[in-house]
Every structure is written in structure tokens, then in C-alpha cells.
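Coordinates in review
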Amino acid sequence: MSLIPKKGTVYVVDDDEAVRDSLQWLLEGKDYRVKCFDSAESFLSRFDPREVACLIADIRMDGMSGLELQDRLLERKSPLPVVFITGHGDVPMAVTTMKKGAMDFIEKPFKEEELVVLVERMLDQARVAFSQYQEQASRDALLSRLTTREAQVLERIVAGRLNKQIADDLGISIKTVEAHRANIMEKLNANTVADLLKIALGATHKA
């Protein structure tokens, strides 16, 4: 058993067992962790969005098609990088998947080197997306600690309003604004207003 860490997870979704076996053999030989599924439905029921991974899926399958699978992932706002494979030379359909965000498509029979390069590109993208996902989840967790009133005060701090202006906006005293401000800084683990802005604006940009 290899002690070298796996490079990342590759999900393979194809209703052709021979294709699944071929891809698994090829990619495991390159030290990727491979998880195979015979349908889009089974993949969606077991897909872990917290994992650094990419997806290789057939466009045409019994049941849910590759296109429908892509739509489901988009509905979930999944950043999972996708490459589609097809044995039908259906370029218009493949172009549609790319317009919706697929990284690429390859036709069967595909070249081993071409596939490995694509997988590495996808996993590079997945690592960046996962890092951003983690950062956003951390920001969301911090912001969820705020009360409704504290969130209102924070929104105005971010807009550049002064304490007196915030007090007038919300019909409260300046001392109350200052108290809320202190609570916000503590709950968000912010030492400076700059820290506060990074947390709040990071969440805003994501939305």
C-alpha cells in the first residue's frame, strides 16, 4: 500500500461498466482516488461537496443524463469541476455543457495523457474553489452569531456611516451603537475595522 498521499478524488459517472473500469484503472494507476457510479442519481445521493474532487461524467446515460446532472449541480451551487465524455460525437450538446461551466469535453476513445492533464487541471481548480468555500463557510458562521440589530449596525459600518449617523438611522443612542460595535468586533474576532470589513465584504461578494 502506497504511503504517498492521494492527489485528489475523481468521481466517475457512466452507465457503461467497461468505461468505469477503464477510467478507474487508469486514474488509480496515476495515484488518484477514484469513486465510480453507474448513474447520475446514485452519484447525487452520495456526493460530498466538502471534498476536494472533480467529476468525469458521460453526457448520455440511462435515467438522468449528464446535462441534467450538471443542472442539478448548478442548482446546488456546487463548484465541482466537470468534464464530459461522449461516444456520440455530439459536439453541440458538449458545447452546451461548457457554456454552463463545464471545463471541457472529450470523445471516446480518449487519450490517456489528455485525460490525466484534464484531471489535474480540474483538481487545481477544485482546490481553489474548496479553499474559497471553507473561507466563506467560516465567515457565514461568524456572521450568524450577530443579532438582527448588530447586523444592521454592521451593514452601516461597512457603508462608512459614523456612529452618530448610525444612531440616527436606527433611532438609538450613540452609546448603544458603540456597545453594539464592541459586541460585533468580539463576535467576529476582529481586532480592527479593517478586519471587520474583510469579513463582512467577503460575505457580501460571495452573495
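Placed above this text is the structure.
Model, not experiment: these values are computed from the prediction. (Residues numbered from 1 in each chain as written. Predicted model: local features only at pLDDT ≥ 70, side-chain atom pairs only at ≥ 80, totals over all residues. Heavy atoms only, no water.)

**Overview of the environment of M61**
Mapping M61 onto the fold places it in the loop between β3 (53–58) and α3 (66–75). Overall, M61 belongs to the buried group, its relative accessible area being 10%. With 35 residues separating them along the chain, M61 and L26 place their C-alpha atoms 21 Å apart. M61 has contacts with V13, D14, D15, A40 and G66, leaving out every residue within four places of it along the chain. (Helix = DSSP H or I, 4+ residues; strand = E, 2+ residues; numbered from the N terminus. Buried < 20%, exposed > 50% of the residue type's maximum accessible area, 1.4 Å probe, protein only. Contact = heavy atoms within 4.5 Å.)

**Examining unusual backbone geometry**
Notably, D31 is not glycine yet its phi reads approximately 75°, a positive angle. Mapped onto the elements, D31 comes out in the loop between α1 (17–29) and β2 (33–37). Despite not being glycine, K77 shows a phi value in the positive range, around 60°. Take K77: it is sitting in the loop between α3 and β4 (82–86). Taking relative accessible area as the criterion, K77 reaches 73% and is therefore assigned exposed.

**Points about the packing of aromatic side chains**
Under the criterion given, the structure shown has 5 aromatic pairs. Taking the centre distance of 6.0 Å and the plane angle of 45° together, the rings of Y11 and F37 count as tilted. Remark: F37 occurs in strand β2 and Y11 occurs in strand β1 (residues 9–13); sequence separation between them is 26 residues. Relative accessible area serves as the criterion here: at 1%, Y11 is assigned to the buried category. Three or more aromatic residues joined by ring pairs form one cluster here, namely Y11, F37, F43 and F47. (Phe/Tyr/Trp six-rings, centres within 6.5 Å; stacked < 30°, edge-to-face > 60°.)

**Side note on the sheet that holds β1**
Consider a sheet: its strands pair through backbone hydrogen bonds, and that pairing is either parallel or antiparallel. The 5 strands lie next to each other as β2-β1-β3-β4-β5, forming an open sheet whose pairing is parallel. Strand pairing shows two members of the sheet lacking a second neighbour, β2 and β5 (104–107), which therefore form its edges. Neighbouring strand axes in the sheet, compared pairwise and without regard to direction, differ in orientation by 20° on average. Pairing between β3 and β4: 4 bridges, direction parallel. Within β4, the residue paired with D58 across the bridge is I85. (Pairing = 2+ DSSP bridges. Axes fitted to C-alpha atoms, helices over the stretch in contact; angles between N-to-C directions.)

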